[in-house]
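Topology and contacts: notes
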Amino acid sequence: MQSHYLHPSNCFVPRETTIVTTVLGSCISVCLFDKVEGKGGINHFMLPKWNHQKEASHMFGDYSIEELIKIMIFRGSLKENLVAKIFGGSHRNSSYNKIGHQNFEQAKETLSRHHIRIVAKSVGGEKARKIIFDTKSGLVKMKYISYDAIID
């Protein structure tokens, strides 16, 4: 089985079964899974909305989720077979800006607009997360990690 580390501002939809790992602080990852075809894709975005002043990028949640959905459909998935799992959106302490919360709200809004159901989530709080996503089964393993261990 293949493995892949997903860096921030990226989207990954493999053709073969892959174990994808990423680390999230205030960033969000949306894991999309086609429950009929048994295949998945994932993104890792840093900011909620693309302001159309810079080049479009997977850095922005609205753009990244739209592109993730498009790629899944291009690769043979039907939108009605897709489900989502959302992770990340934490903050270091209560006085930290709320970008993580804004990222999560953007993910919910974009998925809702596409009628894609969120079947699991672990968001917010004051700890970062490491996730491991199996694109064949849709299983996501997650563990909390200290902010001291990452640079977000």
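Up top you'll find the structure we're talking about.
A quick note: this is a predicted structure, and the numbers were derived from the prediction, not measured.

1. Let's talk about the overall build of the chain
A count of helical and extended segments in the chain gives two helices and nine strands. Secondary structure elements of the chain occur, N-terminal to C-terminal, as β-β-β-β-β-α-β-α-β-β-β. What you see for the chain is a C-alpha radius of gyration of 14 Å, in line with the 15 Å of a compact globule of 152 residues. With the C-alpha coordinates of the chain rotated into their principal frame, the extents come out at 45 × 35 × 25 Å. Intrachain contacts of the chain at a sequence separation of at least 6 include 65% that bridge at least 24 residues.

2. Quick word on the packing of helix H1 (residues 61-74) against helix H2 (residues 99-113)
Each pair of packed helices can be described by the angle between their axes along with the distance between the axes. It is the contact of H1 with H2, at a shortest axis distance of 9 Å, that shows an interaxial angle of 40°. The two elements H1 and H2 cross, and the hand of that crossing is right-handed. Residues Gly61, Asp62, Ile65 and Glu66 of H1 pack against Gln106, Ala107, Thr110, Leu111 and Arg113 of H2. Its residues assigned to classes, the contact of H1 with H2 shows three nonpolar, three polar and three charged.

3. Side note on the sheet that holds strand E8 (residues 128-134)
With mixed pairing, the four strands of this open sheet are ordered in space as E1-E3-E8-E9. The open sheet is flanked by strand E1 (2-5) and strand E9 (140-145), the only strands paired with a single partner. Across the sheet, the mean angle from the axis of one strand to that of its neighbour is 15°, orientation sign disregarded.

4. Description of the sheet that holds strand E7 (residues 117-123)
Strand-to-strand pairing in sheets goes through backbone hydrogen bonds, with the strands running parallel or antiparallel. Taking strand neighbours across the sheet as the criterion, the five strands line up as E2-E5-E4-E6-E7 in an open arrangement whose pairing is mixed. Edge positions in the open sheet fall to strand E2 (10-12) and E7, since each of these has one partner strand only. Taken pair by pair, the neighbouring strands of this sheet meet at an average axis angle of 10°, ignoring direction. Where strand E4 (residues 28-34) lies against strand E5 (residues 39-44), four bridges are found, and the strand directions are antiparallel. Paired with Cys31 across the strands is Ile42, a residue of E5. H1 contacts E2, E4, E5 and strand E6 (82-88) of the sheet and is inclined by roughly 160° relative to E5. With respect to the sheet, H2 is in contact with E4, E6 and E7, its orientation differing from that of E4 by roughly 25°.

5. So, H2
A rise of 1.5 Å per residue sets the reference length of H2, with its 15 residues, at 21 Å; its end C-alpha atoms lie 21 Å apart and thus fit the reference within 8%. Where the residues of H2 are buried, they touch E4, H1, E6 and E7. In the segment just after H2, His115 is the residue with positive phi, at about 60°.

6. Side note on the side chain of Asn43
Along the chain, Asn43 falls in strand E5. A polar contact is formed between the side chain of Asn43 and the backbone nitrogen of Val30, at a distance of 2.8 Å. A distance of 3.1 Å separates polar atoms of two side chains, one belonging to Asn43 and the other to Ser64. With near-sequence residues (within four places) excluded, Asn43 lies in contact with Leu6, Asn10, Cys11, Ile28, Ser29, Val30, Ser64, Ile65 and Leu68.

What counts and what doesn't
- Residues numbered from 1 in each chain as written.
- Predicted model: local features only at pLDDT ≥ 70, side-chain atom pairs only at ≥ 80, totals over all residues.
- Heavy atoms only, no water.
- Helix = DSSP H or I, 4+ residues; strand = E, 2+ residues; numbered from the N terminus.
- Rg over C-alpha atoms; globule rule 2.2 N^0.38 Å.
- Contact = heavy atoms within 4.5 Å.
- Axes fitted to C-alpha atoms, helices over the stretch in contact; angles between N-to-C directions.
- Left-handed = near helix turned anticlockwise from the far one by under 90°.
- Nonpolar A, V, L, I, M, F, W, Y, C, P; charged D, E, K, R; others polar.
- Pairing = 2+ DSSP bridges.
- Expected span 1.5 Å × (residues − 1).
- Polar contact = N/O pair within 3.5 Å; in protein donor to acceptor, adjacent residues only side chain to side chain.

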